[in-house]
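Structural overview
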Amino acid sequence: MRILVSNDDGYRAEGIVHLAAALSGHGSTTVFAPDRNRSGASNSLTLDMPLRVFEAGPSTYFVSGGTPTDCVHLALSGYFDFEFDLVCSGINDGANLGDDTLYSGTVAAAIEGRFLGLPTVAFSLCVEPGSGRHFDAAARVARELVGRLLEQPLERGFTLNVNIPDLPYEQIRGIVATRLGNRHRSEPAIAITDPRGRNMYWIGPAGEGQDAGEGTDFHAISQGYVSVTPLQIDLTRHSALATVSQWLEPLAR
Ligand code: MN
C-alpha cells in the first residue's frame, strides 16, 4: 500500500507531519507538498513555468512554488516510477466546510487524486482561536478512517471530505456522513494602508454557516462529531437542465 500525502499548508506544516506519521502504519507514505502555505489555491495548476522538486528528507518532497494540485499531479504523473494506491491530503489547519471546498487547496489535492480512480481523502481540523489544535486526535481519526477504507473499500472515484472538531480524542462524539452546508457571505475586504499611503486590501474572513442544519457538515462539527462528506466533481445543476433548455428556446435556430 503506497499512500501519497499532500496538503496546502506546506510540507513542514504541523498537520501533514501528523498525518504522514499516523498513516505510516497502513503502508509506505510519501509526502509531496508545496514548499509554503498555499491555502485557498483551489484546483490551480502552474502552466506558465516549470516546477522544481526538492527532497527534504526520507520520502519527503516539496515543490518550489507549486500548488497542491501541481504536487499531486506531478507525483501521480511523471515524478515517480511507481503508482500510489491512495491519496490523502491535510490535515488542514482550519475547517473546510460547505463552500470552503471550492476554494480549498486541501480538498483540491485530494480531488487531483481522481486519476487513481480510488477514494481519496481530504482531512481538515476545525481550528478556532484558542481551540487547542488537537492534531494528534485528528491524526488518530485519520488513521481509523483510512483503516476502514482499506478494510472495506468504497465505490471508486470520489473524494471524502473529512472535517474533525478540534477536541481531545475522548471528547469527539462520533463520526457521521454529511452533506455540505453553506456559508453566509464573507466579511467585507479589509482596507489597509502601505507605508506610502496607498490602499491595499485583505480578503475578509469567511462567513458563518448559513445552511448549517441537521445533516450538514457544519451541524456535525458544531455537535462534536467528525463530518465525512462524499464529494463529486460534476458541478452540473441537473435539476435546472430542463428549465434552461426551455429558457433557451427563443434563441433556437
Ligand atoms: Mn490550508
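Remember, predicted model here, so these are calculated numbers, not experimental data. (Residues numbered from 1 in each chain as written. Predicted model: local features only at pLDDT ≥ 70, side-chain atom pairs only at ≥ 80, totals over all residues. Heavy atoms only, no water.)

Taken together, nine strands build an open sheet; the order of strands is S3-S4-S2-S1-S5-S6-S7-S13-S8 and the sheet is mixed. Strand pairing shows two members of the sheet lacking a second neighbour, strand S3 (52-57) and strand S8 (174-177), which therefore form its edges. On average, each strand axis in the sheet is tilted by 20 degrees relative to the strand beside it, whichever way the strands run. Alignment of strand S5 (residues 86-93) against strand S6 (residues 120-126), held across four bridges, turns out to be parallel. When the sheet's bridge partners are listed, Cys 88 is paired in S6 with Val 121. Each of strand S1 (2-6), strand S2 (28-34), S3, strand S4 (60-64) and S5 is contacted by helix H2 (residues 68-79), which is oriented at about 130 degrees to S2, the strand it contacts most. (Pairing = 2+ DSSP bridges. Helix = DSSP H or I, 4+ residues; strand = E, 2+ residues; numbered from the N terminus. Axes fitted to C-alpha atoms, helices over the stretch in contact; angles between N-to-C directions. Contact = heavy atoms within 4.5 Å.)

At the metal site, the manganese ion is ligated by Asp 8 (OD), Asp 9 (OD), Ser 39 (OG) and Asn 92 (OD1), and these contacts range over 2.1 to 2.2 Å. Looking at Asp 9, the relative accessible area reads 14%, which means it is buried. Judged by relative accessible area, which is 43%, Ser 39 ranks as partly exposed. (Donors = N, O, S within 2.8 Å, 3.2 Å for Na, K, Ca; no water. Buried < 20%, exposed > 50% of the residue type's maximum accessible area, 1.4 Å probe, protein only.)

Together, Ile 190, Ile 192, Met 200 and Trp 202 make up a nonpolar patch on the protein surface, roughly 390 Å² of accessible area in all. Within the residue set of the nonpolar patch, elements represented by two or more residues are strand S10 (190-193) and strand S11 (199-202). Mapped onto the fold, Ile 190 is located in strand S10. Residue classification places Ile 190 among the partly exposed positions, given a relative accessible area of 42%. (Patch = residues over 30% accessible without salt bridge, like charges linked within 9 Å, V, L, I, M, F, W, Y side chains within 5 Å. Areas by Shrake-Rupley, 256 points an atom, 1.4 Å probe, with all protein chains shown as cover. Salt bridge = Lys/Arg side-chain N within 4 Å of Asp/Glu carboxyl O.)

Between side chains of opposite charge, pairing is possible as soon as their charged atoms come close. Under the definition given, this model contains eight salt bridges. The residue Asp 93 makes a salt bridge to Arg 133 at a minimum N-O spacing of 2.9 Å. Here Asp 93, found in strand S5, pairs with Arg 133, found in the loop between S6 and helix H5 (135-151); they are 40 residues apart in sequence, far enough to count as distant. A residue is classified by how much of its surface remains accessible, and Asp 93, at 37% relative accessible area, is partly exposed. Note on Arg 133: relative accessible area 34%, which makes it partly exposed. The closest approach of N and O atoms between Asp 211 and Arg 179, which form a salt bridge, is 2.9 Å. With a gap of 32 residues between them, Asp 211 in strand S12 (residues 209-211) and Arg 179 in the loop between S8 and strand S9 (182-183) connect regions that are remote in the sequence. By relative accessible area, Asp 211 is classed as partly exposed at 24%. Through salt bridges with shared partners, one network takes in Glu 14, Asp 93 and Arg 133.

With that settled, consider the packing of aromatic side chains. Applying the stated rule across the entire model yields eleven aromatic pairs. When the ring of Tyr 61 is compared with that of Tyr 79, the centres are 5.6 Å apart and the planes differ by 70 degrees; the resulting orientation is edge-to-face. In this pair, Tyr 61 sits in strand S4 while Tyr 79 sits in helix H2, placing the two residues 18 residues apart along the sequence. With a relative accessible area of 35%, Tyr 79 lands in the partly exposed category. Ring centres 5.3 Å apart and planes at 80 degrees place the aromatic pair Tyr 61 and Phe 80 in the edge-to-face group. A residue pair is termed long-range when its members are at least 10 positions apart, and Tyr 61 in strand S4 and Phe 80 in the loop between H2 and S5 qualify at 19 residues. Each member of the pair, Tyr 61 together with Phe 80, is buried. Of note, Arg 114 hangs over the ring of Phe 115, and the distance from its end group to the ring centre comes to 5.7 Å. For Arg 140, the ring lying beneath its charged end belongs to Tyr 169, and the centroid distance is 3.6 Å. (Phe/Tyr/Trp six-rings, centres within 6.5 Å; stacked < 30°, edge-to-face > 60°. Lys NZ or Arg CZ within 6 Å of the ring centre and 35° of its normal.)

On to the side chain of Thr 178. Relative to the helices and strands, Thr 178 is located in the loop between S8 and S9. Within the local environment of Thr 178, its side chain forms a polar contact with the side chain of Ser 227, the two groups lying 2.8 Å apart. For Thr 178, the side chain forms a polar contact with the side chain of Thr 229, separated by 2.7 Å. In this view, Thr 178 contacts Gly 215, Thr 216, Asp 217, Ala 220, Ser 227, Val 228, Thr 229 and Pro 230; residues no more than four positions away in its chain are not counted. (Polar contact = N/O pair within 3.5 Å; in protein donor to acceptor, adjacent residues only side chain to side chain.)

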